[in-house]
Structure formats: C-alpha cells, structure tokens
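If you want the building blocks of each chain, they are given just below.
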Amino acid sequence: MPATILSVSQAIAGLRHSYPVTKPIEAIEFLQQTLNSIQILNLYQHFFPTEFTTSTSSIYSDSPDIHSPRELEFFSRLDETELIPISPWQLEIAQEERLDELLIEPWGLDWLSYEDYDIESLAPEWQILLPLTSKGLDWLTENDAQDWYEEEFNVLFSHVLPPDRINYLQFQELCSLADFPIKLVPIVLSFLNYSTGNIWLDGCAQDEYQFREWTVENLISLSAQWQSAKEVITQAQQVIDWLATDRPRRFQQILELWNKSTLSI
C-alpha cells in the first residue's frame, strides 16, 4: 500500500511540491523519482507502521532528486533497528541524492582488494587458517608466500592437506563431534573463503557491488540473511578468540581433524 495522504494540509502540500516538466526525459526522471519515493515510504509504513503514522516529518522533498524528511527518517530507523545494515556513508549520501536501489555492502572479511591482497588486515588467527581455504591457498601460492607462512606459524606446508584433497562433509562431521568451539570451525573457514552463501558476507572488494530494488519482499529476505550474518560473525569471533589463547596448539587440534578428512583416491 502506498504511503497515505492523511489530511487536507498534506494534499495541499503535495500540490505545492509539484514540479514543472517540459521535456519527455524530465517526465521520465520525475516518474522514476516519484516511484522511488513511494517505494521507500511504503516500506516505512509496512515495517514501522506506528512510527510512520505518528511521524511529523514531511513526506515531500524540496526537490524530486532528493529524499523527503520522512524517507530519511526511514533510513535512520533501518540503521537503529538493524533490520538491515545501512552504513554511515550511505546515510550521508542519502542527504544529498536519491538511493535509487538498496546497496548490499559486504560485512565479511575484506582481506581481498581491487589491486592487492590485503593480508595484513587479517589477524594472525585468521592468517594461520589460510591453507584450509581455496582462496587462502591461492593467495599463498600466487604470492610465493609458503616460506612466509612456515616461518610465521612454524607449520610445514607439506603437513597441511590442500582443500581439494579434503572430504569436507567428513570434516564437518568430525568438527560437529568435537568440543566447542571447534564445532564452529567449518563456519569460520567458509567466512574466510567467502563461501557462506550469505549475501552480506560473501562480497569483497574484488566483486562489483550488488543492488536490490526497494521492495517489501527484498527487505524481508535481506533482513533474514542479515540476522544469520550477525550470528556467523559472532560464531567466527568465538573461534578466533579461542585460537588466540594458544594459537599453535589450537591450530594443531583443527589440523588433526582436517588431515583425517582425506578424500578417497
């Protein structure tokens, strides 16, 4: 349901906020901007009906190419309630131009960048896990970093089976039978490898940004994935904190299960 005009004064305000259109391209742009406004106000009304109804912010903007105060209020509520994540810089952009689509920002480990692999952005507890993921192993191989890895962590590369030699289902099963938080290690590895299946976690700087239309269905789906993403982030941090207490010994516990999970040849 589109946002409702609740009073005569709002209707008059709407007329005052009509804009002259003299060219076909201007008409198309105006209709697109109006549709965007209606979509966002509709979402506000759908997800926060009480707040929408009691709001005193105008649903009209001073110009069709910027958001109205009520639309900006909706973005702030998304941020406050964490229905989905809205970054501070997106909120800043929304003050000056329309967010025609919802930007899906990556909230995973951004250790990959456009030009370089930013390995230094990873804590040592993440770095030691690199050979257990395909992307991590690729980085170590392509950057001739095996010697660095062995010196840094006192782990012989030859003692770590590559991911393509691992029966991952067996590894997951062995982890599930182990004590907490080893149970969570497969989740951590998928997080490091950008393979969780979660749209908020699997993007990185090497990928193009993803966008979604401002629809109720999209927000419901993205919100559900965001709640799962937050759980994965929490679980991953539990494993990393556990590794940090005694990294060499903890990693050997993981490695023992890893090397047991060998694919039959």
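Look a little higher up for the structure.
Below: a short report on this structure.

What counts as what
- Residues numbered from 1 in each chain as written.
- Predicted model: local features only at pLDDT ≥ 70, side-chain atom pairs only at ≥ 80, totals over all residues.
- Heavy atoms only, no water.
- Salt bridge = Lys/Arg side-chain N within 4 Å of Asp/Glu carboxyl O.
- Helix = DSSP H or I, 4+ residues; strand = E, 2+ residues; numbered from the N terminus.
- Buried < 20%, exposed > 50% of the residue type's maximum accessible area, 1.4 Å probe, protein only.
- Arc of directions from axis to C-beta.
- Contact = heavy atoms within 4.5 Å.

1. Description of the pattern of salt bridges
In this structure the tally under the stated criterion is five salt bridges. Measuring nitrogen to oxygen at the nearest pair gives 3.1 Å for the salt bridge that ties Glu 125 to Arg 247. Within this pair, whereas Glu 125 is found in helix α6 (residues 124–127), its partner Arg 247 is found in helix α12 (residues 247–260), the two being separated by 122 residues in sequence. Owing to a relative accessible area of 25%, Arg 247 belongs among the partly exposed residues under this scheme.

2. With respect to helix α7 (residues 134–142)
Those residues of α7 that fall on the buried side of the exposure criterion are Gly 136, Leu 137, Trp 139 and Leu 140. Mapping the buried residues of α7 onto a view down its axis gives an arc of 155°, with all of them on the same face. Of the surrounding elements, those touching the buried residues of α7 are α8 (146–153). After α7 finishes, the residue Asp 144 shows a positive phi value of roughly 50°.

3. Description of the side chain of Gln 90
Mapped onto the elements of the fold, Gln 90 is located in helix α5 (residues 88–94). Residue classification places Gln 90 among the buried positions, given a relative accessible area of 3%. Excluding anything up to four places from it in sequence, Gln 90 contacts Leu 99, Leu 103 and Glu 105.

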